[in-house]
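Architecture and fold: a report
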Amino acid sequence: MSNSQLSPSTEAFTGLMLDPQEILPSFTQAANWQERYRALMLLGKRLPPLDDALRQESAQVRGCESNAWLYHKEIDGRHYYLADSDARIVKGLIALLLTAVQGQDEQTIAALDLHEYFDQLGLSGQLSPSRTNGVLALAEAIKAAANQPS
Amino acid sequence: MEFSQLRSQFPALTQSLGDYSLVYLDTAATSQKPQGVIDAMSRYYQADNANVHRAAHHLSARATSQYEAVRDKVKAFIKANRREEIIFTHGTTEGINLVALGLASQLKAGDLILLDSAAHHANIVPWQMLAKQTGAEILPIPLTPEARLDQAAYQALLQRGPRVVALSHVSNVLGTVNPVKEMIAQAKAVGALTLIDGAQAIAHLEVDVQALDCDFYLFSGHKMYGPTGIGILYGRYAALDKLDPLLTGGEMIKQVSFEGTTFNILPNRLEAGTPPIAEVIGLGATIDFIQSLPRAELRAHEQALLNRLQDELRALGGISLYGAHQDNIGAVAFNLTGEHHQDVGILLDQQGIAVRCGHHCAMPLMQTLGLSGCCRASLGVYSNDEDVDRFILALKSVKDLLL
């Protein structure tokens with residue numbers, strides 16, 4: 001990721017705000033799975049689509065049935081991400097992941113228990129390490145990026 | 001026969017997933033197993049467990065006779081000429097590798113291999129390995145706009161004198177049926193060896209390898225209501241006998257010294273190591289199960305159900321179907337137009353519906369169709385109208401959710 005020639009601007013990274021207090025209630029209060037998935041896909045729409053030029057192979061996360069791209073930037077010890085996917089549910093799941101990590105420090109990101117996080121939101125099945133679902137690979141890439149100097 | 005009763009023989013189908021009872025429409029990936037197959041394998045482990053062909057003791061004799069009896073059963077099932085023509089493999093993929101790489105010493109640079117361009121990777125990649133090893137060249141047989149193998153293009157390619165023609169009997173993604181009997185005869189007329197991947201056909205069609213007159217025919221146990229880890233490579237004796245063994249060791253050896261090794265005769269020569277014994281015995285029970293069914297009637301039942309599935313999908317609207325013909329077998333490939341196949345798969349799964357979504361290990365076909373992937377619903381003997389109704393209803397709600 002870090003050695004790709006093209007990369008989003010610093011403003012693009014810091015401009016992506018995802019407030020957990022605002023976002024998470026729509027999941028915890030969802031009456032059924034349809035509402036939960038509707039909320040997930042709405043959330044996905046808050047991730048700005050990456051330009052075609054940024055949908056490059058070097059930013060692609062392996063292990064996803066859908067295409068997914070991830071960019072990372074460290075600013076003053078805090079970690080920022082931009083990501084996109086061509087599938088709507090995966091994009092929503094990415095946005096949920098970013099809700100938990102955007103602008104956090106390395107320790108917070110490393111300590112995050114993603115299974116528990118998804119469990120609480122009623123989406124536990126979506127983190128299973130199967131090849132039709134790259135969310136685990138994305139989560140690992142997010143954690144790995146925070147663990148490496150960018 | 002009332003086919004809905006067959007369902008009760010498959011214990012996995014009685015479960016619920018969350019609030020929904022399971023609708024299993026992924027038989028083309030792997031079928032569910034009837035109780036008789038599960039019991040046969042358990043019985044072997046509980047009472048007869050021993051290695052085959054080796055020991056002088058009682059259990060080994062029992063295991064060996066059960067194991068070899070299945071070879072005769074398979075021979076009768078696909079109407080092979082000799083029991084030595086039936087090779088137990090771990091599955092279709094291993095069998096195709098065994099043939100392709102076993103031909104290495106018979107092919108040379110510039111030899112041509114014709115491949116089914118709708119084939120799954122298992123009937124493409126081993127040939128690429130062989131081509132790399134020998135300098136042979138691979139030519140894909142193109143598809144018509146209707147997603148059938150282009151017979152005119154095939155005729156033209158045959159004029160170039162290929163050494164090998166490898167086809168699928170039924171496409172694993174689309175369910176389209178290739179006219180393999182005619183294509184084999186035409187390939188033989190130009191002196192090519194013929195291999196048919198029957199993985200998607202064997203559970204649905206009555207296969208007669210002598211009537212087909214192919215050199216090799218392959219299938220897997222797990223797609224015909226049997227265990228995973230067992231497959232069959234049928235080969236015409238003379239063609240099989242010429243293959244170099246891919247794996248060595250175990251019962252395939254006749255004599256070993258440090259000066260050299262001689263190999264056993266068929267079928268052992270191509271069955272290295274300890275075979276999947278319980279799985280072979282399970283396959284025997286599978287064949288008993290299939291043979292107990294009125295096959296022509298079953299064929300008509302499955303065809304009617306598939307055609308209804310195709311019709312209901314068309315009627316739903318907003319659905320793209322791929323190569324969906326009346327005479328297809330077992331499967332229908334589709335997308336919710338404009339939506340990603342993975343979204344559809346996840347949302348169907350939320351409602352207890354199991355379908356496969358992805359590239360189906362057939363990336364060249366996806367490229368031809370201009371798709372990154374698609375969804376596939378596939379049927380088995382246990383599928384019924386209720387499955388189709390539940391699936392269509394679920395897909396309707398996926399549509400509502402996504403639009």
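Coordinates for the structure precede this section.
A brief look at the structure comes next.

Definitions and cut-offs
Residues numbered from 1 in each chain as written. Chains lettered and ligands numbered in written order. Predicted model: local features only at pLDDT ≥ 70, side-chain atom pairs only at ≥ 80, totals over all residues. Heavy atoms only, no water. Helix = DSSP H or I, 4+ residues; strand = E, 2+ residues; numbered from the N terminus. Rg over C-alpha atoms; globule rule 2.2 N^0.38 Å. Buried < 20%, exposed > 50% of the residue type's maximum accessible area, 1.4 Å probe, protein only. Contact = heavy atoms within 4.5 Å. Lys, Arg positive; Asp, Glu negative; His and termini not counted. Charge placed at Lys NZ, Arg CZ, Asp CG, Glu CD. Core = buried A, V, L, I, M, F, W, Y, C linked by side-chain atoms within 4.5 Å. Pairing = 2+ DSSP bridges. Axes fitted to C-alpha atoms, helices over the stretch in contact; angles between N-to-C directions. 1 Å grid on protein atoms, 1.4 Å probe; cavity = no way out; pocket = protein on both sides within 12 Å on 5 of 7 lines; lining within 4 Å. Points joined across faces, edges and corners; volume = space filled by probe spheres on them. Nonpolar A, V, L, I, M, F, W, Y, C, P; charged D, E, K, R; others polar. Polar contact = N/O pair within 3.5 Å; in protein donor to acceptor, adjacent residues only side chain to side chain. Arc of directions from axis to C-beta. Disulfide = S-S within 2.5 Å. Phe/Tyr/Trp six-rings, centres within 6.5 Å; stacked < 30°, edge-to-face > 60°. Lys NZ or Arg CZ within 6 Å of the ring centre and 35° of its normal.

Looking only at helices and strands, chain A has eight helices and two strands in total. Listed N to C, the secondary structure of chain A is α-α-α-α-β-β-α-α-α-α in terms of helices and strands. Taking 15 Å as the expected radius of gyration for a compact globule of 150 residues, we find that chain A reaches 14 Å, a close match to that expectation. Its C-alpha atoms put chain A at 45 × 30 × 25 Å along the principal axes. For chain A, buried positions account for 47% of its 150 residues. Sequence separation of 24 or more characterises 65% of the internal contacts of chain A that already satisfy a separation of 6 or more. Averaging the positions of the 12 positive and the 18 negative side-chain charges in chain A gives two centres separated by 7 Å.

Moving on to the nonpolar core. Membership of the largest hydrophobic core comes to 79 residues, with the highest contact counts inside it found for Val74, Ile78, Phe88, Tyr217, Met224, Leu283 and Val381 of chain B. Among the elements that line this core, the one with the most residues is helix α9 (residues 277-291) of chain B, at nine residues. Residue contacts for Phe88 of chain B: discarding those within four places in its chain leaves Tyr67, Val70, Arg71, Val74, Ile230, Gly231, Ile232, Glu271, Val280 and Leu283 of chain B. Core analysis: the next-biggest nonpolar cluster, separate from the first, contains 78 residues, Phe13, Cys64, Ile142 and Ala146 of chain A among them.

All names here are of chain B. In space, the seven strands of this open sheet follow the order β4-β10-β9-β8-β7-β5-β6, with mixed pairing throughout. The outermost strands of the open sheet, each flanked by one partner alone, are β4 (86-89) and β6 (137-141). Averaged over all neighbouring strand pairs, the angle between strand axes comes to 20°, with direction disregarded. Both β4 and strand β10 (residues 231-235) contribute to a ladder of four bridges, which runs antiparallel. Residue pairing for β10: Phe88 is matched across the bridge by Ile232. Running at roughly 155° to β6, helix α5 (residues 151-158) makes contact with β5 (112-116), β6 and β7 (164-168) of the sheet.

Before going further, it helps to examine the sheet that holds strand β13 (residues 319-322) of chain B. Residue and element names in this part refer to chain B. If you trace the four strands from one edge of the open sheet to the other, you get β13-β14-β17-β16, paired in antiparallel fashion. Only two strands of the sheet have a single partner each, and these edge strands are β13 and β16 (356-358). In this sheet, neighbouring strand axes are inclined to one another by 30° on average, regardless of whether the strands run parallel or antiparallel. Across four bridges, the pairing between strand β14 (residues 331-336) and strand β17 (residues 374-378) is antiparallel. Bridge pairing in β17 links Ala331 to Ser378. Contacting β13, β14 and β17, helix α13 (residues 385-402) crosses the sheet at an angle of about 15° to β14.

Residues and elements named next belong to chain B. Inspection of the entire model under this criterion finds seven cavities of 30 Å³ or more. When its volume is computed, the largest cavity comes out at roughly 100 Å³. Surrounding the largest cavity, 16 residues form its lining, Thr27, Ala28, Gln200, His204 and Leu379 being those nearest its centre. Its residues assigned to classes, the lining of the largest cavity comprises eight nonpolar, seven polar and one charged.

Turning our attention to the side chain of His72 of chain A. Inspection of the secondary structure puts His72 of chain A in strand β1 (residues 68-75). Among the polar contacts listed, one links the side chain of His72 of chain A to the side chain of His79 of chain A, at a separation of 2.8 Å.

Take a probe with the size of a water molecule and roll it over the atoms, and the empty space left behind shows itself. Of the pockets and cavities examined, the second largest pocket occupies roughly 440 Å³. Lining the second largest pocket are 20 residues, with Cys64, Glu65 and Asn67 of chain A together with His359 and Met363 of chain B positioned closest to its centre. A total of four residues in the lining of the second largest pocket trace back to one element, the largest contributor, which is helix α12 (residues 363-369) of chain B. A per-class count over the lining of the second largest pocket returns seven nonpolar, nine polar and four charged.

Okay, α5 of chain B next. All names here are of chain B. Those residues of α5 not exposed but buried are Ala153, Tyr154, Leu157 and Leu158. Down the axis of α5, the sector holding all buried residues measures 140°, keeping them to one side. Looking at the buried side of α5, the elements it contacts are β5, β6, β7 and α6 (180-189). By the N-cap criterion, in which a side-chain oxygen at the helix start approaches the backbone nitrogen of a residue two or three places on, α5 is capped by Asp150, the distance to Ala152 being 3.1 Å.

Next up on the list: the state of the cysteines. Residues and elements named next belong to chain B. Going through the model one piece at a time under the given rule, you end up with zero disulfides over all chains. Take Cys374: it sits in no disulfide, and the sulfur closest to it among the cysteines is that of Cys375, at 6.8 Å. With no disulfide of its own, Cys375 has Cys357 as its nearest cysteine by sulfur position, at a separation of 3.1 Å.

Our focus in this paragraph is the packing of aromatic side chains. Any two aromatic rings considered together are summarised by their centre-to-centre distance and by the angle between their planes. Residue and element names in this part refer to chain B. In the structure shown here, the tally under the stated rule is eleven aromatic pairs over all chains. Measuring from ring centre to ring centre gives 5.3 Å for Tyr44 and Tyr45, while their planes differ by 55°; the resulting arrangement is tilted. Looking at Tyr44, the relative accessible area reads 2%, which means it is buried. Aromatic pair Tyr225 and Tyr382: ring centres 5.8 Å apart, planes at 80°, arrangement edge-to-face. Here the residue Tyr225 occupies a position in the loop between β9 (216-220) and β10, and Tyr382 occupies one in the loop between β17 and α13, the gap between them amounting to 157 residues. A relative accessible area of 1% places Tyr382 in the buried class. What links up through ring pairs into an aromatic cluster is the set Phe10, Tyr225, Phe289 and Tyr382. When the ring centre of Tyr237 is taken as reference, the NZ or CZ atom of Arg82 above it lies at 3.9 Å.

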